[in-house]
Amino acid sequence: MKATAKLNKDTILANIDSRIYGSFVEHLGRAVYDGIYEPNHPSANELGFREDVIEVINELNVPLVRYPGGNFVSGYNWEDGIGPVEERPKRLELAWRSVETNEVGLHEFMKWADLAKTEVNMAVNLGTRGIDEARNLLEYCNHPEGTYYSDLRKENGAEEPFNIKTWCLGNEMDGPWQIGHKTAEEYGRLAEETAKAMKLVDDTIELVLCGSSSSKMPTFGEWEYTVLEHAYEYVDFLSLHLYWENFENDTANYLAKSVEMDKFIKGVVAICDAVKAKKGSDKQINLSFDEWNVWYHSKDADAKREPWDIAPPLLEDIYNFEDALLVGCGLITLLNNADRVKIACLAQLVNVIAPVMTIKDGEVWKQPIFYPFMQASNYGRGKVLRLDVKSDTYDSIEYKDVPFVETTAILNEDKNEVVIFAVNRSQDQEMNFETQLDGFENLSLIEATELADYELKQTTENDHNGMDVKKNDSFSVENDLVSGTFKPLSWNMIRLSY
Ligand code: AHR
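Criteria and cut-off values
Residues numbered from 1 in each chain as written. Predicted model: local features only at pLDDT ≥ 70, side-chain atom pairs only at ≥ 80, totals over all residues. Heavy atoms only, no water. Near = heavy atom within 4 Å. Polar contact = N/O pair within 3.5 Å; in protein donor to acceptor, adjacent residues only side chain to side chain. Areas by Shrake-Rupley, 256 points an atom, 1.4 Å probe, with all protein chains shown as cover. Nonpolar A, V, L, I, M, F, W, Y, C, P; charged D, E, K, R; others polar. Pairing = 2+ DSSP bridges. Helix = DSSP H or I, 4+ residues; strand = E, 2+ residues; numbered from the N terminus. Axes fitted to C-alpha atoms, helices over the stretch in contact; angles between N-to-C directions. Contact = heavy atoms within 4.5 Å. Domains from an automatic or database assignment. Buried area = accessible area lost by both parts, 1.4 Å probe. Salt bridge = Lys/Arg side-chain N within 4 Å of Asp/Glu carboxyl O.

Moving on: the site of the ligand. Around the ligand sit 13 residues in total, of which Glu 26, Asn 71, Glu 172, Tyr 243 and Glu 291 are the nearest. Contacts to the ligand include Glu 172, whose side-chain N or O atom sits 2.7 Å from an oxygen atom. Notes on the ligand: free accessible area 280 Å², of which the protein chains cover 96%. Partitioning the shell around the ligand into residue classes produces six nonpolar, four polar and three charged.

Here we come to the sheet that holds strand 11 (residues 286-294). Strand order in the closed barrel formed by eight strands is 3-4-7-8-9-10-11-12, with parallel pairing between adjacent strands. Strand-to-strand twist of the sheet, defined as the mean angle between neighbouring strand axes without regard to direction, takes the value 30°. Here strand 3 (residues 22-24) pairs with strand 4 (residues 64-67) via two bridges, running parallel. Along strand 4, the bridge assignment pairs Ser 23 with Val 65. In the packing of helix 8 (residues 258-279) onto the sheet, the strands contacted are strand 10 (237-244), strand 11 and strand 12 (341-346), and the crossing angle to strand 10 comes to about 160°. Against the sheet, helix 10 (residues 321-336) touches strand 10, strand 11 and strand 12, its axis set at about 175° to strand 11.

So, about the domain arrangement of the chain. You can read the domains of the chain as domain 1 (2-9 + 385-497) and domain 2 (17-379). Taken over C-alpha atoms, the centre of domain 1 sits 30 Å from the centre of domain 2. Taken together, the 38 residues of domain 1 in the interface contact 37 residues of domain 2. Roughly 3300 Å² of surface becomes buried between domain 1 and domain 2 when both sides are summed, with 63% attributable to carbon and sulfur atoms. A per-residue breakdown of the area domain 1 buries against domain 2 is headed by Tyr 399, His 464 and Trp 491, which together make up 20% of the total. Inspection of the region where domain 1 meets domain 2 yields one salt bridge. Of all the secondary-structure elements, those providing two or more residues to the side of domain 1 that touches domain 2 are strand 19 (405-412), strand 20 (417-424), strand 22 (444-451) and strand 26 (490-497). Here the residues of the side of domain 1 that touches domain 2 are counted per class, giving 18 nonpolar, 10 polar and 10 charged.

If you want it as structure tokens, here you go:
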């Protein structure tokens, strides 16, 4: 099979906001305790954070981490996590029915984020709490000094404000499972008033309004419209969440599921712009895809767990090669919508539906989904180029006209590089891929790599070093033409200099 593409250096689709490579750490399962934090581990620093885990996270080059939830935030009292650790309360944590010790709280997490070279995207509790808690937390974090909460932060050891820039107004408030679930009207009004108060405290922050928990929610569409009608002038982003499953074990259909992500994004953009038009506003609302990933492998095991453990192993999906291919398609889809998707968070980062796993007292290891994310995050910076792609298509049970090749091209002007990412969804056909790049001088190949040749269900659970990207020797450049071969079922990256 053959696919062709054409691009021009001057035809830019979007500037990439680096926050598109964000991730997520929730107080859930072993994400925090026995994940990033394990004070008795040989690699733990004086704060109890595992340095071996930080090192692997640094390879992912994650610029933003959403915290502390997720469903967790809707029952969380942030005040439980400040002050002397030995005085902090242990609480029943209702979202995941665990016990929260509060050993790690705001100050500890901010220190971890510094070590992990990332910014924090903080969520406020709009489930059991509201305007007052949100404005107090913001004053505590961002106000320099001379007020009750800012001075309390200083007393607790942080002389300088945390200056957290991006804030989520609650989490999945449309979901009946959410503690303090609300109708769109109820949430829209609360979010509007909370956002107003927060921007009075600090008008430099950016706020994310909750959209739907998935495009399959019965309220999808109406929810977005209603909450935006209320909060439009005070917020900057609307959120989207999406988790993929393959219970039916149908590879062709599964790998096509990124098409759904694309449709979801375009639908939400249309609603944002409809509200903008109705209001006659000049302001554009962008998207924060602040939860996305594969999540299904662990669901049966989790359903059988008894409640009230500390850091139980929950949502510990063991990913396979097939999942890595779909995550690759997801990354390409986000990039191809980077004109409106400015934030995205791979959910999550460590142990909980995560690219990075830890063993208590033992190793840190990388799941298959680690590799496409690592390459996209490190090399997919700059601008997305408009790409005219011609690829054969196929039909699956749910999707029609799915291109065999999913691809995107990135222009990195700081490094004089063009980077192409591509997934070949074909299960048995190699794809000869040819791209014409107009407007560049002295194009040459830096490297072509592939994640390929693995069994679809292969994991790295037992052989932690059993999967990695390898060199693809088939690619070459002649004048403005780049050509080579994508193996069947492969994630690919081609880097060119000019
Ligand atoms: O990421 C796991 C959970 O998925 C989050 O807590 C919640 O927001 C979503 O339903």
